[in-house]
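Each chain is listed here by its residues.
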Amino acid sequence: MSFDAVKIGLVSVSDRASAGVYQDQGIPSLKAWLQNALLNPIEFVEVLIPDEQAEIENALKKLADEHKCNLICTTGGTGPAKRDVTPEATLAVAHKEMPGFGEQMRQISLHFVPTAILSRQVAVIRGESLILNLPGQPKAIAETLEGLKDTEGNSLVKGIFAAVPYCIDLIGGPYMETNEAVIKAFRPKSALRKPTEGSVS
């Protein structure tokens, strides 16, 4: 069986990384996690920009409207510092806000650090694109997407990515299928694709 192709935009928001002061870690971490988590063939569109609201807005619009990315993930710029404007830029380009994603991201992070309440990540829909603000640190990115598991691999707290494939379904995107060893996507039974519906490769 072959899987639907998925286009994903990756946006790293960092003054210093975009200026070449240090190597960006956000995009490589996101890319590696997504390649491990999804069974679908993925086309990535990558953007590295400074903490400038206008630039972030333009990047998100271009990824959604021109590149037609099904999913857009940003990393960085979501704290309370003056230069942290990723949530403002994301909300400015939104057609719909999806507050549950931000709530769950903070809930996951609070298991590790009390400063998780300082995070302002949001999620929105623009057209047929789901835009997610993710943390800036590679470890936190994986924890947020994947959730928490006990020593036997059982889920303790659901990662936000469990809800992403069904959200993409609802906004008209491709059918995303996950590697259940990493994250199990949740869909209502009525939304599950029967094996015979997929094309055979």
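Residues numbered from 1 in each chain as written. Predicted model: local features only at pLDDT ≥ 70, side-chain atom pairs only at ≥ 80, totals over all residues. Heavy atoms only, no water.

Describing the overall build of the protein
Next up, step 1: A count of helical and extended segments in the protein gives seven helices and eight strands.
Next up, step 2: Taken along its principal axes, the extent of the C-alpha atoms in the protein is 50 × 40 × 30 Å.
Next up, step 3: The buried share of the protein, reckoned over its 201 residues, is 48%.
Next up, step 4: A separation of at least 24 residues holds for 71% of the contacts in the protein among residues at least 6 apart in sequence.
Next up, step 5: Split by element, the accessible area of the protein, about 10,100 Å² in all, is 53% carbon and sulfur.
Next up, step 6: Taking the 20 positively charged and 24 negatively charged side chains of the protein as two groups, their mean positions are separated by 3 Å. (Helix = DSSP H or I, 4+ residues; strand = E, 2+ residues; numbered from the N terminus. Buried < 20%, exposed > 50% of the residue type's maximum accessible area, 1.4 Å probe, protein only. Contact = heavy atoms within 4.5 Å. Areas by Shrake-Rupley, 256 points an atom, 1.4 Å probe, with all protein chains shown as cover. Lys, Arg positive; Asp, Glu negative; His and termini not counted. Charge placed at Lys NZ, Arg CZ, Asp CG, Glu CD.)

Overview of the side chain of Asp24
Next up, step 1: Within the secondary structure layout, Asp24 lies in the loop between α1 (15–18) and α2 (26–37).
Next up, step 2: Buried charge Asp24 goes without a salt bridge, the closest partner of opposite sign being Lys31 at 10 Å.
Next up, step 3: At 2.5 Å, the side chain of Asp24 and the side chain of Ser12 are in polar contact.
Next up, step 4: A distance of 3.1 Å separates a polar side-chain atom of Asp24 from the backbone nitrogen of Ile27.
Next up, step 5: When neighbours within four sequence positions are excluded, Asp24 is seen to be in contact with Ser12, Ala17 and Leu48. (Salt bridge = Lys/Arg side-chain N within 4 Å of Asp/Glu carboxyl O. Polar contact = N/O pair within 3.5 Å; in protein donor to acceptor, adjacent residues only side chain to side chain.)

Here we look at the sheet that holds strand β6 (residues 129–134)
Pairing between the strands of a sheet is mediated by backbone hydrogen bonds and can be parallel or antiparallel.
Next up, step 1: One open sheet accounts for six strands, arranged β2-β1-β3-β6-β5-β4; its pairing is mixed. Edge positions in the sheet fall to β2 (42–49) and β4 (96–97), since each of these pairs with one other strand and no more.
Next up, step 2: Bridge count between strand β5 (residues 123–126) and β6: four bridges; the pairing is antiparallel. Considered in β6, the bridge of Arg126 is made with Ser129. (Pairing = 2+ DSSP bridges.)

Some points on unusual backbone geometry
Next up, step 1: The backbone phi angle of Lys68 is positive, close to 55°, even though this residue is not glycine.
Next up, step 2: Here Lys68 lies in the loop between α3 (53–66) and β3 (71–75).
Next up, step 3: Judged by its relative accessible area of 56%, Lys68 is exposed.

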